Structures are given as C-alpha cells and as structure tokens.
Amino acid sequence: MTGRGVVSIVFGLVCCCLSVTVQGATTISLQGTAISVSGSGVDVSGTVATITSAGTYTVVGSLKDGQLIVDCNDKDSVEIILNSASITCSTGSALLVNQHDTKITLSAGTSNSLTDGSTYANPDDDPNAALFSKDGLTIAGSGKLIVTGNYADGITSKDELVITGGTITVNAVDDGIRGKDSITISGSPVITIVAGGDALKSDKNESGTVLIQGGTFVVDSTGDAIDAEYSVDITGGAFQFTSKGKGIKAGSVATFSGGVIDILSVDDAIHTSGNLTINDGQFTLTSGDDAIHSDVYLTINGGTIDILSCYEGIESTVITITGGTIHLNSTDDGINAASDTTGESQSLRVTGGYIYVNGQGDGVDINGAITFEAGTLIVDGPTANDNAAIDFDTGFTLDAGYVIGAGSCGMAEPPTAGKQCSILANFNSTLAAKTLFHIQTTSGTHIVTYAPAKTWQSVVFSSSALAVGESYSVYYGGSCTGTPTDGVYPTTSVYTAGTLETTFTLTTSIMKVGAECGGGFPPHSGSGGHPHSGSGAPPPPGAADDEEVPIL
C-alpha cells in the first residue's frame, strides 16, 4: 500500500492490552513472521515494511526476522511511535532510515527493542547499527527502548542525533550511540550503554559535537565514554562512566557548566586537544593517567572537583583558576603546566577558589611562571628531594591569598615576588606525617597550625597575617584543639607548643628561614641556625629558663 497520511505498523502477535491508538495514524502490526498495515504510506514485502510517505506511524507487536525502513522523499515529517514493538533482523539494521529526518517516539508505559545480527547481507554498505539513520534522527517519549548492536553500533545517525526522553539501554559490539554531525541530549532521558568501542560519539571531521543538557547516564565502554571530534558541552545531567579509554574527550573544545560527573577511566578522565573550561558541576574523577588535561588552555571558574586518584591531576599549557573547590590526589605532579607544542608560554594564574593538592611528585609544577592573586592553595607535597611542593621555572608572584605547602627540602623554594609576605621554613631533618607545623608571633598570636599528611622537611607559607617588621616563632610538634581542614587548623584553635625550631623578624616580604637546603632563594641574614638578635622568642611551655632550645 502506498500514499500519504498517518500509518500504524504492528509486528508479532496482535497487542490488545498495551495498544495505544493515535488518531489518524497508520498502524503497522508486526506478527512474528508477517506484517499487516492499517492505513496508508507503507509498502510491505514479506517481513520488510517500508514507510514511503510523511506521516505518523504506530508500530506494535514483534517481528522475528525483518526490517522497518523509512524511504521517503516528502518534506513533511515522519514520526514512528514504538508501542510495545520488537524488531530483530539477522542480516541488517532492525530499523533503517534511508532518507528523511525521522522522529521515534517511545510510547509511555511500553518496552521496545531493536536487535541486529552479527553479520550483514551487505557488509560494505553504510548501515552498521541496529537503529541506523542516514538523515537526522530524534528519539523522544517516556517509554523504554532496548537496542542490541551485534554487528557494530547500537544507534547511529549520519546527520544530527537528538534525544529528549525515554529509558534507553544500548549494548553494542562497537560504538553505543553515534551522531556523526552532532549528538544533542536534553530533558530527562535515562541512558545505559555497554560498548565495545566508544559509548557516545560524534566524529564528523573537525565539527562533530556532543551537547548534553540533562539526563542520567551509566556507561561501561572499552573505548571512550564520550568522544567528540570537535566539542563537548555539558550543562546538566548525572553521569557514571567506567572507561578503558578516556572518560570525556573533545578534539578542540570542552565546556562544563553543570552536571554531576563520576568517571573511572584507564586513560585521561577529561581530555581535550584544545581548550577546556569548567564553569560549574560536581566531578569525581579516578584516572590511570591525567584527571583533567587540555593541550592549550585550561580554565576553572567554578564547580567542585574531587580527583581521587590519577597520575597527574590538572595538566595544560596555560592554566587559569578563578574559582571552585578542588581536591586532588596524584601519583606524580598535581597541577602541571608543561606542554611544549603549542607555542604558548607555560603558566599558572590563580585569582580565586580553593585548591588542595596531595602529590607524590611536584605538588604544583609550572615550566614557566606562577601568578597568585587570591584564593587558597594547600599542598601536601613530595617526600623525595627531586620534587617540590611548588616548583616553577621563571618566577612565582604572590600578591594575595593563602598558600601553604609542605614537602621535601631538596628543591623547596618560596615565591620570588609579590605584594604579600611569604616565608620558606626548612628543617634539619625529616619530620613524621601529622607532626604539627606552627607559626605564631613572639607575643603569642596564632598565625598558622598545619598537620602535613606525609613526612616533611620544608614548608612554604604566605598569608595576609604575615607582616614586615613583625617577629615570629616557628614550632614543630605539640598539639592543637579544633578540627583541621585539609591539615590546616582554624586560627581560633589553641596550640600547645612542641619544639621551638627558630625565631625570626620578617625584614623583607620574602624570607627563607631555617636549614640550608632547598633552592631558588638565599637565606635571610642570620638564619644559619640562630634566631635574630633580640627576637625575644619564648621557650616551649614547661622548659626551664636556662634550658637550651633547639633552633636552626
């Protein structure tokens, strides 16, 4: 039968309990090994039904081995309503759109399935997915759709793919859901993908994009969870990705403005070969390589980022952090600006936000310059002397904010310039993890108490509480009331002194005090193991007036 109009198609046994009638629609009834049509716009040949006209088509029933094809020249739209429909095709795509943008609506309260075979009759032809469209494809509604791609992909559009609803489960030998030009997902779909390749993919050369504005996603992929040739843009949604490749990969641009994103990946958790911006969102990342990587520019303006484990945490050429909360654990460098292929100078600029780094390598490693203008940086740095809590090549300007970093002594260095006072305190021997580091004025005002997470021998510290002309006492050990946040105790806490290490008067805005180790900055006059004359350092509580106090 041919003609224009609205058609319903029913596959398999006649449905009587879940059937939904759409006024004016053509019904295609799938009846196991036969197809019947009530309405116009459909040609039937054996177990193949071909939609030839624009209109609305309701599909019900089950087809054991056949196809539903859309091959329509009309400019008007084609809508297929899946209403408890199941199609299996052993030699090709179960649902094939050869021509015409098509909308598939998943009828409420129904479960539908599309399954292809492991071999195709024409293996060199374009179709390679259980649901395959050569034109634009939209999936909507609130019903269920189960797609099994035994040949290659689960769902593929060679044009734009739009998903606005439904509960969609895809199990595919290769890619799960692929929109060559683009994938756009909005509304509240629930999408589960198990893929032997990439889970969500847009691979048009230099322009493939993935835009996700909402939905719930559970992915287990052998390839990347998301792979876009050009850009990834996520503004909302909940994501649980397990990937043997990368978690989220964009060829040029990645932007995050919302969403709850949980990634466990063998390769980078988030990766772009160009620019990456995080404006908002909640991220929990575990990676076998970099947690967040961008080849050129990486900007963090907001969001909550928890990096549970990785090789390197945040890596790019030019890194800018203006806001957000970051907790980072790495087996090598925590924050790393090291790329040498972009022509840009490596740098880190911080103008706000809260950053905690626990790095086995350099806590912060910038093969260029650091500029720190506001915000908080806490670094539990390395224990090996070939790394530093904060490492830089061409300068560290610290104008404002709060910075404290503990680690080994071999490469430790303080900032090189800035409006705010900074000190580097080195110690003669390594101190145990959780041994308190404490600074107070010689009159007893609490400046900082910090419990490094690992063994340490050096601490770099900068705060607005430090002032040129003031005298300070440096202690290690002892105890402190209150509850620390990332090792730092509130200044309202009460410190019970341990061992007084040294006293000094801050005569310049940047000073190195204590032992002769570390690099990059000469010690202040008189630092070689003795306090400044007249510093008036009080002995530790309980010491006799004539008891010798160990100092550097």
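Residues numbered from 1 in each chain as written. Predicted model: local features only at pLDDT ≥ 70, side-chain atom pairs only at ≥ 80, totals over all residues. Heavy atoms only, no water.

J.: Sorry, what's going on with the overall build of the protein here?
T.: A count of helices and strands for the protein gives zero helices and 52 strands. Counting all 552 residues of the protein, 55% fall into the buried class. Contacts in the protein between residues at least 24 apart in sequence constitute 50% of all its contacts with a sequence separation of at least 6. By element, 47% of the accessible surface of the protein is carried by carbon and sulfur atoms, the whole surface being about 19,700 Å². (Helix = DSSP H or I, 4+ residues; strand = E, 2+ residues; numbered from the N terminus. Buried < 20%, exposed > 50% of the residue type's maximum accessible area, 1.4 Å probe, protein only. Contact = heavy atoms within 4.5 Å. Areas by Shrake-Rupley, 256 points an atom, 1.4 Å probe, with all protein chains shown as cover.)

J.: Sorry, what's going on with the pattern of salt bridges here?
T.: Between side chains of opposite charge, a pair can form when the charged atoms approach closely. All told, the structure shown has nine salt bridges when counted by the stated rule. With a shortest N-O distance of 3.7 Å, Lys 201 and Asp 175 are connected by a salt bridge. Residue Lys 201 is found in strand S21 (residues 200-202), and its partner Asp 175 is found in the loop between strand S17 (167-172) and strand S18 (177-179); the two are separated by 26 residues along the sequence. A single burial state applies to Lys 201 and to Asp 175, both of which are buried. The shortest N-O distance in the salt bridge between Lys 249 and Asp 224 comes to 3.2 Å. Taken together, the residues Lys 249 in strand S27 (residues 248-250) and Asp 224 in the loop between strand S23 (216-221) and strand S24 (226-228) connect sequence positions 25 residues apart. For Lys 249, a relative accessible area of 24% translates into the label partly exposed. Among the residues examined, Asp 224 registers a relative accessible area of 8% and is labelled buried. Connected via shared salt-bridge partners are Asp 175, Asp 198 and Lys 201. (Salt bridge = Lys/Arg side-chain N within 4 Å of Asp/Glu carboxyl O.)

J.: What is the right way to read the nonpolar core from this model?
T.: Soluble globular proteins: nonpolar side chains tend toward being buried together. One finds Ile 292 and Ile 390 to be the most contacted residues of the largest nonpolar core, which totals 100 residues. Among the elements that make up this core, the one with the highest residue count is strand S8 (residues 78-89) (five residues). Look past the residues within four positions of Ile 390 in its chain and what remains in contact with it is Val 364, Ile 370, Leu 377, Val 379, Phe 396, Val 403, Glu 413 and Val 460. Counting residues in hydrophobic clusters, the runner-up holds 26 residues, among them Ile 439, Ile 447, Trp 456 and Val 513. (Core = buried A, V, L, I, M, F, W, Y, C linked by side-chain atoms within 4.5 Å.)

J.: I keep staring at the pairing of S23 and nothing clicks. Help me out?
T.: Burial along S23 is one-sided: the residues Phe 217, Val 219 and Ser 221 are buried and none of Thr 216, Val 218 and Asp 220 is. Judged from the six bridges that link them, strand S20 (residues 190-195) and S23 form a sheet pairing that is parallel. Residue pairing for S23: Thr 192 is matched across the bridge by Val 218. Here six bridges tie S23 to strand S26 (residues 238-243), and the two strands are oriented parallel to one another. Directly across from Val 219, in S26, lies its bridge partner Phe 241. (Pairing = 2+ DSSP bridges.)

J.: Which parts of the structure should I look at to understand the confidence of the model for the protein?
T.: Detailed reading of the predicted coordinates is not advisable wherever pLDDT is low. For the protein, mean pLDDT is 90; residues scoring 70 or higher make up 88% of the total. Ignoring residues within four places in sequence, the model shows residues 1-21, a span with pLDDT below 50, making 109 contacts including any to other chains. Under a pLDDT of 50 for its full length, residues 519-552 has, in the predicted model, 71 contacts with residues more than four places off or in other chains. (pLDDT = per-residue confidence, 0-100.)

J.: Help me understand the side chain of Thr 435, please; the structure alone is not making it clear to me.
T.: Take Thr 435: it is sitting in the loop between strand S44 (422-431) and strand S45 (437-441). In this structure Thr 435 comes out as buried when scored by relative accessible area, which is 17%. Separated by 2.8 Å, the side chain of Thr 435 and the backbone oxygen of Ala 432 make a polar contact. (Polar contact = N/O pair within 3.5 Å; in protein donor to acceptor, adjacent residues only side chain to side chain.)

J.: Can you walk me through the packing of aromatic side chains in this structure?
T.: Geometry of an aromatic ring pair is reported as the spacing of the ring centres plus the angle between the planes. Following the criterion strictly, the structure yields twelve aromatic pairs and no others. With centroids separated by 3.9 Å and ring planes inclined at 15°, the aromatic side chains of Tyr 120 and Tyr 151 adopt a geometry described as stacked. With a gap of 31 residues between them, Tyr 120 in the loop between strand S11 (111-116) and strand S12 (129-133) and Tyr 151 in the loop between strand S14 (144-149) and strand S15 (153-157) connect regions that are remote in the sequence. You can call Tyr 120 buried: its relative accessible area is 9%. Given a relative accessible area of 23%, Tyr 151 falls into the partly exposed group. Taking the centre distance of 5.6 Å and the plane angle of 80° together, the rings of Tyr 402 and Phe 461 count as edge-to-face. Of this pair, Tyr 402 sits in strand S43 (residues 402-407) while Phe 461 sits in strand S47 (residues 456-462), placing them 59 residues apart in sequence. The class of Phe 461 is buried, set by a relative accessible area of 0%. (Phe/Tyr/Trp six-rings, centres within 6.5 Å; stacked < 30°, edge-to-face > 60°.)

J.: Explanation requested: the sheet that holds strand S48 (residues 471-476) in the structure shown.
T.: What links the strands of a sheet is backbone hydrogen bonding, and the strands pair in either a parallel or an antiparallel sense. With antiparallel pairing, four strands are arranged side by side in an open sheet as S46-S45-S48-S51. Strands at the two margins of the open sheet, each flanked by one partner only, are strand S46 (446-450) and strand S51 (499-505). Geometrically, the sheet is characterised by an average inter-axis angle of 15° between neighbouring strands, direction not taken into account. Relative to S51, S48 is paired through six bridges, and the arrangement is antiparallel. Paired with Ser 471 across the strands is Thr 505, a residue of S51. (Axes fitted to C-alpha atoms, helices over the stretch in contact; angles between N-to-C directions.)

J.: How do you make sense of the pairing of strand S32 (residues 297-300) when you look at a structure like this?
T.: Regular strands place their side chains on alternate faces of the sheet. The alternating pattern of S32 places Leu 298 and Ile 300 on a buried face and Tyr 297 and Thr 299 on a face that is not buried. When strand S30 (residues 275-287) meets S32, the two strands line up parallel, connected through four bridges. If you follow Asn 275 over to S32, its bridge partner there is Tyr 297.

J.: Honestly, the environment of Ala 121 in this entry has me stumped. Any pointers?
T.: With respect to the helices and strands, Ala 121 occurs in the loop between S11 and S12. Distance from Ala 121 to Ser 90, taken between C-alpha atoms, is 8.8 Å for residues 31 residues apart in sequence.

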